[in-house]
Amino acid sequence: MFVVCECLDNPQATDARAENIQAHREYLKSNTETLRIAGPLFNEAGEAIGSMLIVRTEDLQGARDFVDGDPFAVAGVFAEVRYKPFKPTINNLA
């Protein structure tokens, strides 16, 4: 199954985000079997407010486990994570 993981930042975690960005990116790049799409979320002012991940796992718990292993989650960057099952039907990313 595919799961959209909407990871919203703790507003007080700006420093933790900056300190862990490289480890976060390395974690995502090293999990190509699970991770399908990832990128930052922004507010209207262009400030990063979280991350959006689409993962492929057996179940929702697999998505939770994947996010829990992210250095951002470990460092307390994420204040809230929302998990939503997703069915891709059209791919126009190119």
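Cut-off values and rules
Residues numbered from 1 in each chain as written. Predicted model: local features only at pLDDT ≥ 70, side-chain atom pairs only at ≥ 80, totals over all residues. Heavy atoms only, no water. Helix = DSSP H or I, 4+ residues; strand = E, 2+ residues; numbered from the N terminus. Expected span 1.5 Å × (residues − 1). Bend = angle between axes of the 7 residues up to and from the residue. Buried < 20%, exposed > 50% of the residue type's maximum accessible area, 1.4 Å probe, protein only. Contact = heavy atoms within 4.5 Å. Salt bridge = Lys/Arg side-chain N within 4 Å of Asp/Glu carboxyl O. Arc of directions from axis to C-beta. Polar contact = N/O pair within 3.5 Å; in protein donor to acceptor, adjacent residues only side chain to side chain. Pairing = 2+ DSSP bridges. Axes fitted to C-alpha atoms, helices over the stretch in contact; angles between N-to-C directions.

## Topic: helix α1 (residues 14–29)
Helix length check: α1 (16 residues) gives 22 Å between terminal C-alpha atoms against 22 Å at 1.5 Å per residue, within 8%. The principal kink in α1, of about 55°, is found at Asn20. All of the buried residues in α1 are Ala16, Arg17, Asn20, His24, Tyr27 and Leu28. On its buried face, α1 sits against β1 (2–9), β2 (35–42), β3 (48–56), α2 (60–68) and α3 (71–74).

## Some remarks on the pattern of salt bridges
In total, this model carries four salt bridges according to the counting rule given. We note a salt bridge from Lys84 to Glu6, for which the minimum N-O separation is 3.4 Å. Placement of Lys84 in strand β4 (residues 78–86) and of Glu6 in strand β1 is noted, with a sequence separation of 78 residues between them. Relative accessible area serves as the criterion here: at 41%, Lys84 is assigned to the partly exposed category. The closest approach of N and O atoms between Glu80 and Arg82, which form a salt bridge, is 3.1 Å. With relative accessibility at 37%, the residue Glu80 sits in the partly exposed group.

## Quick look at α2
Residues of α2 that are buried include every one of Ala63, Phe66 and Val67, and no others. Down the axis of α2, the smallest arc covering the buried residues is 95°, so these residues share one side. If you follow the buried residues of α2, they end up packed against β1, α1, β2, β3, α3 and β4. Sitting at the amino-terminal end of α2 is Asp59, which places a side-chain oxygen 3.3 Å from the backbone nitrogen of Gln61.

## Some thoughts on the pairing of β1
Burial analysis of β1 places six of its eight residues in the buried class, which makes it a mostly covered element. In the sheet, β1 pairs with β3 via seven bridges, with the strands oriented antiparallel. Among the inter-strand pairings, Cys5 is bridged to a residue of β3, identified as Leu53. Of the strand pairs in this sheet, β1 and β4 are connected by eight bridges, and their pairing is antiparallel.

## Points about the sheet that holds β1
Taken in spatial order, the four strands of this open sheet run β2-β3-β1-β4, and their pairing is antiparallel. What marks the edges here is a single partner per strand, and that holds for β2 and β4. Sheet twist, expressed as the average angle between the axes of neighbouring strands with direction ignored, equals 15°. As paired strands, β2 and β3 are joined by seven bridges and run antiparallel to one another. Within β3, the residue paired with Ile37 across the bridge is Ile54. In the packing of α1 onto the sheet, the strands contacted are β1, β2 and β3, and the crossing angle to β3 comes to about 15°. The strands that α2 touches are β1, β2, β3 and β4; relative to β4, the one it contacts most, it runs at about 150°.

Everything listed here is a matter of coordinates, which is why it stays silent on function.
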